Amino acid sequence: MHNIGIVGAGIAGLHLALYLQQQGVNATVITDREPDDYRSCRLLNTVAHHHTTIQRESALGVNHWQDMNEHYHYHDHWLNIPEPGPLHFQGTFDKPSRAVDYRIYLPTLMQDFMRRGGNIEYRTIAEDDIKPLADRFDLLVVAVGKGPLGAMFEHEPLETPFKQPQRRLSVGLYTGVENTDPKNVTISLTPGKGELLVIPTLTFEGMSTALLFENVPGSELEATVTTRYDDDPAVFKQTILDTLEKYHPGVYDRVNSAKFDLCQPLDVLQGGVVPTVRKTCVPFDNGKFAVAVGDVHVTVDPVNGQGANIASYSAFKLGEEIIKAPVLDYRFIEKVDLARRDRCLAAARWTNLMMQPPSEELQMFFGAMSQNEKLCNEFTENFNWPERQWDNLSSPARIRNWIERTT
């Protein structure tokens, strides 16, 4: 039976560990943060789990958040254009999605894994630890990008076209934002300025609202990134409110200014990510391999909500191939690539497309969605299926074909 080492306790590392545990394979998770440390740490991210990921959680026995009042059921689109005026349209999922604060989610899954007999080691990995880890395990799975292990994986140049973040990000968990009934994720787009995602999120105090500003670099919306809550909470709050009022008015109308604030001072994260695809594996001198999963393999901007979902998918595909493989050799690595590459690359390519100035066909597509419920529903449901989305959006001819066949 294989002995697997997993460095990193994000969704990819934990879903893989739980899957292997379920299949009777020995897996050890190595991470630098204990479950009790999460409550006092800064906001990690704002992550939506679509129904395909929730199904995998159910299969693992870790779907602890089943209250439909905590799920969201559709996307509410605002396209803020001056003429002929804002477009407002909705797309519905076949099954609902949800968002849970990862400071709740990750330690809960860690405890699930340990209660079932799993082993977690708490330590930081240094350069000198790599060779002993390679000798200790039959396969070393790298599920965290920071540190010397993540740095081993080279970029895939053709799939990594950017050297800088394509958006400046400001995300926080807020009070004072009215949720709809049933709940939705609002996507507000202001051409040339950026996007705003409004995500109902379960956190420590119950349901709150995540505001994820995706700001075009160099635009005036970068003030949401450069203004720090810790420096002056009142100035920070007013900056967010002014930005909502001017550039995302459909969302601003849902805000109670008197109650508007971060849920707690640590509930904000500002910065950016460089979209990156890395090579799958690194061979060791002893004939064994390290394999990348999650953000180490494919890093996407959060604008399309794909990162956690493809990380979970990738972990399951890796787990399935581990179970099937008699030997964890290079042919095994090829099988892993074949199993997960289409969805992961489709998510990366589609996300990169949506952050560039829209082509004529893509502008036509947005206009068509505002008039065509069937098209908008299909686009929304495909957040579960990024390979289907990319099948439809990967060329101008495919975009036109998609519009024509749903009209």
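Residues numbered from 1 in each chain as written. Predicted model: local features only at pLDDT ≥ 70, side-chain atom pairs only at ≥ 80, totals over all residues. Heavy atoms only, no water.

Caption draft 1: Molecular detail of helix α3 (residues 102-115). Taking 1.5 Å as the rise per residue, α3 with 14 residues should run 20 Å; its terminal C-alpha atoms sit 19 Å apart, in good agreement. Of all 14 residues in α3, 11 are buried; the element is thus mostly enclosed. Looking at α3, one finds that the buried residues are Y102, R103, I104, Y105, L106, P107, T108, L109, M110, D112 and F113. One or two positions beyond α3, positive phi appears at G117, with a value near 100°. (Helix = DSSP H or I, 4+ residues; strand = E, 2+ residues; numbered from the N terminus. Expected span 1.5 Å × (residues − 1). Buried < 20%, exposed > 50% of the residue type's maximum accessible area, 1.4 Å probe, protein only.)

Caption draft 2: Here's a closer look at unusual backbone geometry. Omega for the bond connecting D181 with P182 falls within 30 degrees of zero, at 0°, which places this linkage in the cis form. Mapped onto the fold, P182 is located in the loop between β8 (168-175) and β9 (184-190).

Caption draft 3: Spatial organisation of the sheet that holds strand β16 (residues 289-292). The strand order across the open sheet built from 6 strands is β6-β2-β1-β7-β16-β15, with neighbouring strands paired in mixed fashion. Each edge of the sheet is formed by a strand with only one pairing partner; in this case those strands are β6 (119-122) and β15 (281-283). With strand direction ignored, the average angle separating the axes of adjacent strands in the sheet is 20°. Bridge analysis of strand β7 (residues 139-142) against β16 gives 4 bridges, and the strand direction is parallel. Bridge pairing in β16 places V141 opposite V291. Docked against the sheet, helix α1 (residues 11-22) engages β1 (3-7), β2 (26-31) and β7, running at close to 160° with respect to β1. Each of β7, β15 and β16 touches helix α10 (residues 330-354); the most contacted strand, β16, lies at about 5° to it. (Pairing = 2+ DSSP bridges. Axes fitted to C-alpha atoms, helices over the stretch in contact; angles between N-to-C directions. Contact = heavy atoms within 4.5 Å.)

Caption draft 4: Seen up close, the packing of aromatic side chains. Counted under the stated rule, the structure contains 13 aromatic pairs. Between Y229 and F236, the aromatic rings sit 5.5 Å apart at their centres with planes inclined by 85°, giving edge-to-face as the arrangement. By relative accessible area, Y229 is classed as buried at 11%. Take F236: its relative accessible area is 0%, and that puts it in the buried class. Ring-pair connections join several aromatic residues into one group, and the members of that group are W350, F365, F366, F379, F383 and W402. The lysine or arginine in question, R343, covers the ring of Y313, its NZ or CZ lying 4.1 Å from the ring centre. (Phe/Tyr/Trp six-rings, centres within 6.5 Å; stacked < 30°, edge-to-face > 60°. Lys NZ or Arg CZ within 6 Å of the ring centre and 35° of its normal.)

Caption draft 5: Just the pattern of salt bridges, in detail. Within the structure shown, the criterion is met by 21 salt bridges. Two residues, R103 and D267, come together in a salt bridge whose shortest N-O distance is 2.6 Å. Separated by 164 residues along the polypeptide, R103 in helix α3 and D267 in the loop between β12 (261-262) and β13 (268-271) bring together distant segments of the chain. Given the relative accessible area of 2%, R103 is considered buried. (Salt bridge = Lys/Arg side-chain N within 4 Å of Asp/Glu carboxyl O.)

Caption draft 6: Up close: the nonpolar core. By size, the foremost hydrophobic cluster in this structure holds 48 residues, and its most contacted members are I4, I6, L20, L139, V141, L318 and F332. Elements with a contribution of two residues or more to this core: β1, α1, β2, α3, β7, β16, α9 (307-324) and α10. It is α1 that provides the largest number of residues to this core, a total of 8 residues. Those residues within four positions of L20 in sequence are excluded, and the remaining contacts are I4, I6, V25, A27, G319, I322 and I323. (Core = buried A, V, L, I, M, F, W, Y, C linked by side-chain atoms within 4.5 Å.)

Read these as spatial facts, not as claims about activity.
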